[in-house]
Structures are given as structure tokens and as C-alpha cells.
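Residues per chain, in single letters:
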Amino acid sequence: MNFKNPFFTLIRRSPAVRFALFFGLIALIIFGSAFIGKQTQKKPVISRITPVIGLPGSTMTIYGENFGKTKDSSYVEISGSKINAQNFSFWSDTKIQFTIPDNVSDGLVIVGNSSGRSAPAFFANENRIPVAVRPDPQTTIPVVSSITDSAQIGDIITITGKNFGTARGNSKVFFTANRDEISLDNTFENFICASENDYDYILWTDGEISVKVPDGAASGPVYVMTSKGSSEPVRTAISFPAGKKSFNNKHTFVVQITADVSTGNAANEAFITLYMPRPAESSVQPSVNLNEYYPEPLIKDDPKDIIYQKSINSITNHKQRFSQTYVISSYSMNSNIIPAKITGYADTKSVLYNAYTTPDFCIPSNNETVIELKNHIIGKEKNPYKKALLIYNYLLDNYKLESKVRTGDASVLDLPRRNSGDAYDFAIMFTALCRAAGIPAIPCSGILAESSSVTHPHWWAEIYFEKFGWFPVDPALGSGMEFTPFVPVENPRNYYFGNIDCQHIYFSRGWNQIRASLTNSKTVYLPRSYALQSIWEEASDETSSYSSLWNPPSINGIY
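Summarised in this report is the structure supplied together with it. Because the structure is a prediction, the values reported are computed rather than measured. (Residues numbered from 1 in each chain as written. Predicted model: local features only at pLDDT ≥ 70, side-chain atom pairs only at ≥ 80, totals over all residues. Heavy atoms only, no water.)

Before going further, it helps to spend a moment on the packing of aromatic side chains. Aromatic ring pairs are described here by two measures, namely the spacing of the ring centres and the angle between the planes. On inspection of all chains with the given rule, the structure shows 27 aromatic pairs. Between the aromatic rings of Y385 and F465, the centroid separation amounts to 6.0 Å while the plane-to-plane angle is 50°, which identifies the pairing as tilted. With Y385 in helix α5 (residues 384-398) and F465 in strand β29 (residues 455-465), the pair connects residues that are 80 residues apart, well separated along the chain. Classification of Y385 as buried rests on a relative accessible area of 13%. With a centroid separation of 5.0 Å and 75° between ring planes, the pair formed by F471 and F497 is classed as edge-to-face. In this pair, F471 is assigned in strand β30 (residues 469-473) and F497 in the loop between α9 (492-495) and β31 (504-509), connecting sequence segments 26 residues apart. (Phe/Tyr/Trp six-rings, centres within 6.5 Å; stacked < 30°, edge-to-face > 60°. Helix = DSSP H or I, 4+ residues; strand = E, 2+ residues; numbered from the N terminus. Buried < 20%, exposed > 50% of the residue type's maximum accessible area, 1.4 Å probe, protein only.)

Counted under the stated rule, the structure contains 14 salt bridges. A salt bridge links R417 to D414, with the shortest nitrogen-to-oxygen separation between them at 3.2 Å. Here R417 pairs with D414, and both are found in helix α6 (residues 414-418), just three residues apart, close to one helical turn. Measuring nitrogen to oxygen at the nearest pair gives 2.9 Å for the salt bridge that ties R528 to D425. Linking R528 in the loop between β32 (522-524) and β33 (537-539) with D425 in helix α7 (residues 423-436), this pair joins segments that are 103 residues apart in sequence. Among the residues examined, D425 registers a relative accessible area of 0% and is labelled buried. Via salt bridges that share partners, R406, D414, R417, D422, D425 and R528 belong to a single interconnected network. (Salt bridge = Lys/Arg side-chain N within 4 Å of Asp/Glu carboxyl O.)

Across the sheet, four strands lie side by side as β30-β29-β28-β31; this open sheet has antiparallel pairing. Whereas interior strands pair on both sides, the edge strands pair on one side only; in this sheet they are β30 and β31. Looking at each pair of strands side by side, their axes are set apart by 35° on average, direction ignored. Each of β28 (441-449), β29 and β30 touches α7; the most contacted strand, β29, lies at about 10° to it. (Pairing = 2+ DSSP bridges. Axes fitted to C-alpha atoms, helices over the stretch in contact; angles between N-to-C directions. Contact = heavy atoms within 4.5 Å.)

Our next topic: unusual backbone geometry. T50 connects to P51 through a cis peptide bond whose omega is 0°. At Y199, a residue that is not glycine, the phi angle is positive and equals roughly 55°. Looking at the secondary structure, you find Y199 in the loop between β15 (191-193) and β16 (201-204). Positioned with a positive phi, H318 is a non-glycine residue whose angle comes to about 65°. In this fold, H318 is placed in the loop between β24 (305-311) and β25 (319-334). For H318, a relative accessible area of 34% gives the class partly exposed.

So, in C-alpha cells, the structure goes:
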């Protein structure tokens, strides 16, 4: 064969060139195979994780497929944060093990590689969400040997005994409830437990408990309930120097809330999470029982929301209704307060005082407009009751109540400028002014139930007085908002400063700041709705489009 081409002539005459060409072909084959392998690598799939609820420092195991034989550039993230390489103890194509980091948050667990990210699994930090208390076989039913024999609302009492448990967990202390009539159909309502929202629990050990007397308590038996059972009740006396509230006119409401979601086609890993509000328990709304729900929630033990999560492509016919029904007991409350007995706050360093005098997303109590208006209204007044009454009267005398709820980017700070606002503006501004004035205050939201067919979203407030407890204030109804109570109110302005009817159904007592469970997710906030929370819906980044409709809560029965 005659090689006329110089290149082929060089190959024929030079062993070095032939050697280099041979090894070049070998390298090309190796790198080509690696490239093809990389291109054919599949997206990771998580089949399950264990534990679903765990503690920092423990080992998490992820089972599935397509993780890769070695970690290389693959990764695992929880709630948007990647796990450090030194935490991994095992990595194979079907199994991954690593130590859960100290700063882990509740959220979604995802495995990622060069081909994409897996559909998520959900992990919860045991320290951050309510979970069932694990029975301790070494303890028995709690026994109370002594209790502080007399106290007032908000006072710290000491309970001594044994078998309370070394940590509180879900254990509770129950006090006799202040009721005008004993409940025969639900004896549980004859007692009221110390409140976590009011920071009533101070100390809990196996032999001693320090707890504040909760709002709504009265003289009578007190008992401790743990996972092992309840102690025998021991009596304590509660006095009311600033006035004793009366609770009456009990009604039971069957309340349903629903949300409808419509979807289109989406990536396999696209999903949506709904945070459906759970009605709040309080001294006037002591019993809230989840009766029905659909579909099965992701989390139903959260104290403020029932959390649902659905893959977009798993929704039949691209439509899904989320529904939950509650049976709620509600009382009317008359404060019977003695204003002359209300004094200043002796403990301004308490958790309750600081939590409810501090601004948050909902309550702009540090805004200059609010502070200037507060100074104008209360002047040099020091008494908290008188300051609250000055604020209440100022709002009613100087601002016009609008019957229609404002929409869009409406701000509560518009109220002093426009001299008018809706029920939300009145309630939030009253709360902000009280906090600015050093009075613990919380915004409340829910519905007004006029009948089985008529409900309205509504907002009001509660303020806290030492030795008395929570004091309800409804500026909108006090201002003359149209409403038909079951029991006629002769003077709404006077009545709704300190009293409340049983037709106020609480969904929120205070602002609920919900943290997004995934980085780069799309969240939805519903302003001026029946619950005060930062997130109502959360869609994964892969979700292209969907629509939702949150229906007004409905009353299915009143008893």
C-alpha cells in the first residue's frame, strides 16, 4: 500500500507517534465511557427515610435508588441546607447514612446528583414539634403530696409529689375552670389546663412543678396528667381581688373549613403544602375537637395548623378539596372587672410581658406613627386599664368603621391618615397602641357566627392585666358594626370593652409565624383572613402553576 499522505507516512516511520496515538485512543474510550455513564445516570428516588422524627446527633438512613455507588458530587439536604461531607458514614446506590447535624430544622429531605433532585421526604426535629411522650416504664401514675393552698390568676404555685416525669413533654396541669354552670355532657370542660401560649409552665421535675394559675381558673381541685395517667385532685383556693369573670351561655358549634386546589400537569417532584388553621383553645373556647378531615394530613398534631401535602400529579382529575370539621364549645364571658384594683406590671421581665409588648409582622407597635399616636392619646397616664380605655375611646370617637373589608396592599397604618378603616384595622391598631403603651396585647381573629348560614370573618383583641388575666376588646362591634347576638346587647360600646359573646369563634390568638419548609419554594399569604398566619400555601420550586380557593368557614350546626 502506498501512503502518500504525510500523516500516515509519519505513523508508519515513527514508533513514538504510534505509541502516543494508541494511548490517545485508550484515553478517548475511557473518558467517553465516563461521559456516557454520566449522561445515563438517573435521578435519585427516595423510598423512605428513618427516622421521620429524630434528634440532632442521631443517624438518619435514606433508602431508595439511583443515589450512585459513591457520593462524589451528590448531596443530601434538609430544609434547604446541605449536609456536610464529614457527617456521612455510608453511601451506596440504594442507601445513605449520616449524622443529623445540630442545627437541623423541620423540613424536606432531598437527594441530588448531576441528573436532578429526588422527590422530597419530610423530617421533623423532635425538639421542635409536639410528639407523643414515650412511656417510661420506671414511672407510675403521678402523685401530688402538696400544693400552694391559695393564689391569684397569674401567680406561680408549687406542686410537690412524685412520678411527674423528668421532663414535661405533653404532660399538663389542670385547674378547676371558672364556670357558672357545670358541664354534664363534657366533664373535661369543667377543668382548664395551664397554657403554653401564656408561658404558664415555669419548672417541671419528677418531684416538683412550678406553674402559673391560668386565665379562667377558679377555686377547686387541681391535678397533674402525664402519659401514665392522672393524679388524685388536690384542692387550692383562687382569689379575685380585681374582679371574677363569669362564663355562661355555652354553645357548641360544628365548624367546617375547606380549600379547593386545581392543578395542571407538572414535574413528578412538584407538590403543594397547605397549612389549614386549627381553632384556638382559650378560657372562653375551652374545647376544640377535630371531628373529620380529608385527605389524610401530613401532620395533624401541630397545635396551630393541620398540615397537608400532595404531589401535584397525584391529584385526581387535577382537582382536590381539603376539608376539616371541628366541634367547638364557646362561652360568653363577662369580666366584672374592678378598674380601681388594676395596677401596673410588677414583672416586666416575664416571658409573657415581653412576648406581647414586642412588635411583630402583624403588630407594628414600634412604628413612629403608632408611637406618636399613643403619646397623643394617653399622655402621662400610667394605669394600664385607664390607658387601654383611652385608646379604645379614641378609636371609636375619631375613626369611622367601614363595613366592607379592605383588600390589596391595605395597611393598618392608613387608619390615622384616612380616619376610617375596617374591623381588622381597628383591632390591629388597638393592639399596636396597647403594646406601644406597655400593655401586653394580642390580636385575635376568627369568625362571627350569627346563624348556621351567616358567618363573617372578624378581628378583635385581648389585653392582659396582672392578677386578673385576659380582657377581651372588640373595637369594631363597640363602634356599632352590624351584628345580631343571640342575647341582645343594650350598649355595645360598653359591653365590648371587657366582655365577649359566645359567637366569636377563635382561629388565632396572636400571630403565627410559619417557616417555609423548603428553600426557593413559592408561598402564599392571605391578608385579612380568618386566621393570622404568615403562610397558607407552599408550592415546591418545580410547581409551574395551580390555583386555589380558600372558602369561608361554614357552620354546620349550633347546639
